[in-house]
Amino acid sequence: MSRELPSAASVWGKLWGVSVGPGDSEWLTLKGLQILQAADVVACPQNRDGEPGMAYGIVKSHLRPEQTILPLDLPFVRDPVQLQQAWTAAGETLVTRLAQGQDVVFITEGDASLYSTFSYVAQTVHHLAPTVDITTVPGVCSPLAAMAALNRPLSLGGEKIAILPALYDVSELTHALEWSEVVVLMKVASVFGQVWQTLHDLELLEQASLVEWVGSSQEKQYPSLVDLADYTPPYFSILIVRRHDYRF
Ligand SMILES: C[S@@+](CC[C@H](N)C(=O)[O-])C[C@H]1O[C@@H](n2cnc3c(N)ncnc32)[C@H](O)[C@@H]1O
C-alpha cells in the first residue's frame, strides 16, 4: 500500500477493539461505551449490501453524529486467500486513519477475543505499523448470553467446557462429549440436522438447548431440542449441551 507515514512531530492514533455483545445495546460495558463515544472513527464489519453490519446495529444508538462510520468488507467465507486479502485490506484502511492521528474503534459483535475478526485485523495493523497502541476491551460473548437467556449455568463445579467453533465433521461432537460435560456449538446452522441426529442417538436431546439471535428483538429460545427434528436455525444461533442438566 502507499500511504503517508506520520512525520516525527505527528502522533499515530490508537486502535481499540471494543466488544459490543451479541445483541442488546445495554450489554456494552461502561468502559466500552466510554471508548466508543470518544473515538474519531468507528470501524465495523459491513453486511452483504456494503452497509454497516450487526455490530453497528447494536451500538448505533450510543454514537455521536460527528463520528465517522467506516464499514469494512470482511466476508463470511472459508477460502484462506480471500480471507487474508480481506484482513489485509481492512488493516490498511485502518492504518491510513491511524497514521492521520485519528483514534479508531473497531466494534466487534460478542466478545473481541472469541472467534472475532478483530484479532486478524489487529494483527495486520500491528504488522503494518508496529508502534500503534492496540487495546482490546472485553464484553459479553454469545455462549454466556445464551445461558443467561435460558437461566442456566454454563458450567458448575468441575465441569469441563468444549467450544466447537464450527462443526465440519460431526464425529468431533461425539469426541467432545466423551471428555467434557458441557459442549457449546457455534455456527451450527449448516449441520443442525446431523447434530440433532447425533444427540438423538446419544439420548441427549433433552439436555441440549438452542438460542437464536440472543439479546435482540428476534431472540428465540428452545430449552430442549426434542421437537426440532427438521429445523434449520439461523446463522446467529448457539447450541449448548449439558450432560448433567441443571435448571432453576
Ligand atoms: C464468528 S462467531 C462470533 C462469536 C462472537 N465473537 C461472540 O463472542 O459470541 C459467530 C457465531 O457466534 C454465535 N453468535 C454470535 N452472536 C449470536 C447471537 N446474538 N445469538 C446466537 N448466537 C450468536 C453463533 O453461533 C454464530 O454462528
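The residue count restarts for each chain, going from 1 along the sequence in the order it is written. Local features are withheld for residues below a pLDDT of 70 in this predicted model, meaning they are given only at 70 or higher, and side-chain atom pairs are given and counted only at 80 or more; totals for whole chains, interfaces and linings count all residues. The side-chain numbers reported here are obtained from all heavy atoms of the structure, hydrogens and water having been left aside.

Caption draft 1: Looking closely at the overall build of the protein chain. Where helices and strands are cited, they refer to DSSP runs of H or I of at least four residues and of E of at least two residues respectively, numbered from the N terminus. Counting its regular elements, the protein chain contains seven helices and 10 strands. Taking 2.2 N^0.38 as the reference for a compact globule, 248 residues should give roughly 18 Å; the C-alpha atoms of the protein chain span a radius of gyration of 20 Å, in line with that estimate. Along the longest, intermediate and shortest principal axes, the C-alpha atoms of the protein chain span 65 × 35 × 35 Å. Using a 1.4 Å probe on the protein chains alone, a residue whose accessible area is under 20% of its type maximum counts as buried, one over 50% counts as exposed, and one in between counts as partly exposed. The buried share of the protein chain, taken over its 248 residues, is 44%. Contact criterion: two residues are considered in contact whenever any of their non-hydrogen atoms come within 4.5 Å of each other. The contacts of the protein chain with a sequence gap of at least 6 include a subset with a gap of at least 24, amounting to 69%. Each accessible area is a Shrake-Rupley estimate made with a 1.4 Å probe; only the visible protein chains count as cover when residues are assessed. Looking at the protein chain as shown, the accessible area adds up to about 12700 Å², and 51% of this sits on carbon and sulfur atoms. As a reference, a globule follows 2.2 Å times the number of residues to the power 0.38, and the radius of gyration itself is taken over C-alpha atoms.

Caption draft 2: Fine view of the environment of P22. If you trace the backbone, P22 turns up in the loop between β1 (15-19) and α1 (30-38). On a C-alpha basis, the gap between P22 and I58 in space is 8.0 Å, while along the polypeptide they are 36 residues apart. Contacts of P22, omitting those with residues within four sequence positions, involve W27, M54, I58, E109, G110, V140, S142, A145 and V214.

Caption draft 3: Layout of the nonpolar core. In this structure, V183, L185, V195, L199, L225 and L239 are the most contacted members of the largest nonpolar core, which totals 24 residues. In terms of residue count, helix α7 (residues 192-201) provides more of this core than any other element does, four residues in total. When residues no more than four places from it in sequence are discounted, the contact partners of L225 are F192, W196, L199, L205, A208, S209, L210 and L239. The term nonpolar core refers to a set of buried residues drawn from Ala, Val, Leu, Ile, Met, Phe, Trp, Tyr and Cys, joined through side-chain atoms within 4.5 Å. Counting 22 residues, the second-largest nonpolar core is a separate cluster that includes L15, L70, A122 and V125.

Caption draft 4: Inspection of the packing of helix α3 (residues 80-99) against helix α4 (residues 117-128) at higher detail. Packing of α3 against α4 leaves a shortest axis separation of 8 Å and a crossing angle of 60 degrees. Put simply, α3 runs oblique to α4. Where α3 crosses over α4, the two elements pack in a sense that is right-handed. Across from W87, T88, A90, G91, E92, L94, V95 and L98 in α3, the residues of α4 making contact are T117, Y120, V121, T124, V125 and L128. Of the residues in the contact of α3 with α4, the class split is nine nonpolar, four polar and one charged. Here the axes come from fitting lines to C-alpha atoms, over the contacting stretch only for helices, and the angles between their N-to-C directions go from 0 to 180 degrees. For classification purposes, an angle smaller than 35 degrees is called roughly parallel, one larger than 145 roughly antiparallel, one from 65 to 115 roughly perpendicular, and anything else oblique. A crossing counts as left-handed when the near helix is turned anticlockwise from the far one by less than a right angle, and as right-handed when that turn is clockwise. Note on residue classes: Ala, Val, Leu, Ile, Met, Phe, Trp, Tyr, Cys and Pro are nonpolar, Asp, Glu, Lys and Arg are charged, and everything else, Gly too, is polar.

Caption draft 5: Spotlight on the site of the ligand. Note on terminology: near, applied to a residue and a molecule or strand, indicates that one of the residue's heavy atoms is within 4 Å of it. Lining the immediate environment of the ligand, one finds 18 residues, of which E109, D111, L114, S142 and S237 sit closest. Note that a nitrogen atom of the ligand is positioned 3.3 Å from one of the backbone N or O atoms of W213. Measuring from an oxygen atom of the ligand, one finds a backbone N or O atom of S237 at 2.7 Å. A 1.4 Å probe that fits but cannot get out identifies a cavity on a 1 Å grid over protein atoms alone, an open set with protein on both sides within 12 Å along at least five of seven lines counts as a pocket, and a residue lines either if it has an atom within 4 Å of a point. Cavity and pocket membership follows a simple rule, namely that a molecule belongs there if more than half of its atoms are within 2 Å of the grid points. Because more than half of its atoms lie within 2 Å of the grid, the ligand is assigned to the largest pocket. Class assignment of the residues belonging to the shell around the ligand gives a composition of 12 nonpolar, three polar and three charged. A domain-level breakdown of the shell around the ligand finds at least three residues from each of domain 1 (15-137) and domain 2 (142-242). Each polar contact in these results corresponds to two N or O atoms within 3.5 Å; when the atoms are within protein, one needs to be able to donate a hydrogen and the other to accept it, and residues that are neighboring in sequence are counted only if both atoms are side-chain atoms. Each domain span listed reflects an automatic or database assignment of domains.

Caption draft 6: Here's a closer look at α7. Buried within α7 are the following residues: F192, V195, W196, T198 and L199. Axial view of α7: buried residues confined to an arc of 165 degrees, hence all on one face. Two residues or fewer after α7 comes E203, characterised by a positive phi angle close to 55 degrees. The directions from the helix axis to the C-beta atoms form the arc being described.

Caption draft 7: Representation of the sheet that holds β1 in the model. The pairing criterion is simple: DSSP has to find at least two bridges between the two strands. Reading across from one edge, β3-β2-β4-β1-β5 is the order of the five strands in this open sheet, with parallel pairing throughout. Either end of the sheet is taken by a strand with one partner, and the two such strands are β3 (68-72) and β5 (134-137). Neighbour to neighbour, the strand axes of the sheet diverge by 20 degrees on average, direction disregarded.

Caption draft 8: Representation of the environment of I161. The topology assignment puts I161 in strand β6 (residues 161-164). Not counting residues within four places of it along the chain, the set of residues in contact with I161 comprises L154, S155, W179, S180, V182 and V184.

Caption draft 9: Examining the layout of surface pockets more closely. Grid points are joined across faces, edges and corners, and a volume is the space filled by probe spheres set on the points. One number sums up the size of the largest pocket: a volume of about 1600 Å³. Taken together, 46 residues line the largest pocket, and the ones lying closest to its centre are F76, T117, K187, Y235 and F236. Contributing elements (two or more residues each) for the lining of the largest pocket: α2 (54-59), α3, β4 (104-108), α4 and β10 (237-242). Per-domain counts for the lining of the largest pocket show at least three residues from each of domain 1 (15-137) and domain 2 (142-242).

Caption draft 10: Inspection of the pattern of salt bridges at higher detail. We define a salt bridge as a contact between a side-chain nitrogen of Lys or Arg and a carboxyl oxygen of Asp or Glu at a distance within 4 Å. According to the stated counting rule, one finds three salt bridges in the structure shown. Taking the shortest distance from any N to any O, the salt bridge between R64 and E66 comes out at 2.8 Å. According to the relative accessible area criterion, R64 is partly exposed, its value standing at 34%. By relative accessible area, E66 is classed as exposed at 56%. Between E181 and K160 there is a salt bridge, and its shortest N-O distance comes to 3.5 Å. With E181 in the loop between α6 (171-179) and β7 (182-185) and K160 in the loop between α5 (142-150) and β6, the pair connects residues that are 21 residues apart, well separated along the chain. Under the relative-accessibility criterion, E181 is labelled buried at 19%. The partly exposed category is assigned to K160, whose relative accessible area is 37%.

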